[in-house]
Amino acid sequence: MPGPEEIWLPLVDEPIGIIVQKIQEDDPEIERLVGSPHRILAFRIFAYIRVGIALGQMLFDHDLPPYDGSDTWVEMLLREPKHREELAREVRAVAAEIAADPKYADDEPLGPDEAARERFREFARRQLANE
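Before going into details, it helps to say that this report is about the structure given with it. (Residues numbered from 1 in each chain as written. Predicted model: local features only at pLDDT ≥ 70, side-chain atom pairs only at ≥ 80, totals over all residues. Heavy atoms only, no water.)

**Some remarks on the overall build of the chain**
Item 1. When helices and strands are tallied, the chain shows 7 helices and 0 strands.
Item 2. Listing the helices and strands of the chain from first to last along the sequence gives α-α-α-α-α-α-α.
Item 3. Excluding contacts between residues fewer than 6 apart, the proportion of contacts in the chain whose partners are at least 24 apart in sequence is 71%.
Item 4. Within the structure as shown, the chain displays about 9100 Å² of accessible surface, and the carbon and sulfur contribution to it stands at 56%. (Helix = DSSP H or I, 4+ residues; strand = E, 2+ residues; numbered from the N terminus. Contact = heavy atoms within 4.5 Å. Areas by Shrake-Rupley, 256 points an atom, 1.4 Å probe, with all protein chains shown as cover.)

Now the structure itself:
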């Protein structure tokens, strides 16, 4: 099995990658659900695909004004809160599906766990108190 440094690939460029990243940043529950190297990779792959499909469907379903050189069709669609929420639902659904997949049950989380963070905070407090 490849190591984490071998699986980190830039999968999608703008705008889909930015949309997924923004939704992920705005919803801490997603990070909790997919916070391991293999889960995050699977999450991004499937979230990018589902967001791309949803955007394509939105473009098909909604009439947009002719392109005037200002906003892209994605930006025009995302002006509507209902469209942004639909994409957020898709991303959350992917996160829940990845979290429920038993093949990722033994994945170690990215970064330190809460106990390690607390040990570091205590260490930092002692260091600052000794200065």
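What follows picks up the thread again.
**Remarks on the packing of aromatic side chains**
Item 1. Tallied over the full model, the rule gives 1 aromatic pair.
Item 2. The interplanar angle of 40° and the centroid separation of 6.4 Å between the aromatic rings of F120 and F123 together place this pair among those described as tilted. Taken as a pair, F120 and F123 lie in helix α7 (residues 114-129) at a separation of 3 residues, close to a single helical turn.
Item 3. For F120, a relative accessible area of 55% translates into the label exposed.
Item 4. F123 sits in the partly exposed class, given a relative accessible area of 39%. (Phe/Tyr/Trp six-rings, centres within 6.5 Å; stacked < 30°, edge-to-face > 60°. Buried < 20%, exposed > 50% of the residue type's maximum accessible area, 1.4 Å probe, protein only.)

**Some points on helix α2 (residues 16-26)**
Item 1. Buried within α2 we find I16, G17, I19, V20, I23 and Q24. Seen from one end, α2 has its buried residues packed into an arc of 165°, which puts them on one side. The exposed set on the far side of α2, more than 90 degrees from its buried face, consists of E25 and D26.
Item 2. Looking at the packing, one finds that the buried side of α2 touches α3 (28-34), α4 (37-61), α5 (73-78) and α6 (81-100). (Arc of directions from axis to C-beta.)

**Description of a nonpolar patch on the surface**
Item 1. On the surface, I45, F46, I49 and I53 cluster together into a nonpolar patch covering about 360 Å² of accessible area.
Item 2. Take F46: it is sitting in helix α4. (Patch = residues over 30% accessible without salt bridge, like charges linked within 9 Å, V, L, I, M, F, W, Y side chains within 5 Å. Salt bridge = Lys/Arg side-chain N within 4 Å of Asp/Glu carboxyl O.)

**Quick word on the nonpolar core**
Item 1. Residues I19, V20, V34, F43, V51, L55 and L87 are the most contacted members of the largest nonpolar core, which totals 26 residues.
Item 2. Of all elements in the fold, only α2, α3, α4, α5 and α6 reach the threshold of two or more residues within this core.
Item 3. If one sorts the elements of this core by residue count, α4 sits on top with 9 residues.
Item 4. If near-sequence neighbours (up to four positions away) are discounted, F43 is found in contact with V20, Q24, I30, V34, V91, V94, A95 and I98. (Core = buried A, V, L, I, M, F, W, Y, C linked by side-chain atoms within 4.5 Å.)

**Describing the packing of α2 against α6**
Item 1. At their nearest, the axes of α2 and α6 sit 10 Å apart, and the two run at 75° to each other. Between α2 and α6, the interaxial angle falls into the category roughly perpendicular. The residues of α6 that touch α2, namely those facing I19, V20 and I23, are L87, A88 and V91.
Item 2. In terms of residue class, the contact of α2 with α6 is built from 6 nonpolar, no polar and no charged. (Axes fitted to C-alpha atoms, helices over the stretch in contact; angles between N-to-C directions. Parallel < 35°, antiparallel > 145°, perpendicular 65-115°, else oblique. Nonpolar A, V, L, I, M, F, W, Y, C, P; charged D, E, K, R; others polar.)

**What about the environment of F43?**
Item 1. As for its position among the elements, F43 is in helix α4.
Item 2. Residue F43 is classed as buried on the basis of its relative accessible area of 0%.
Item 3. C-alpha of F43 to C-alpha of A99: the two residues are 56 residues apart in sequence and 9.0 Å apart in space.

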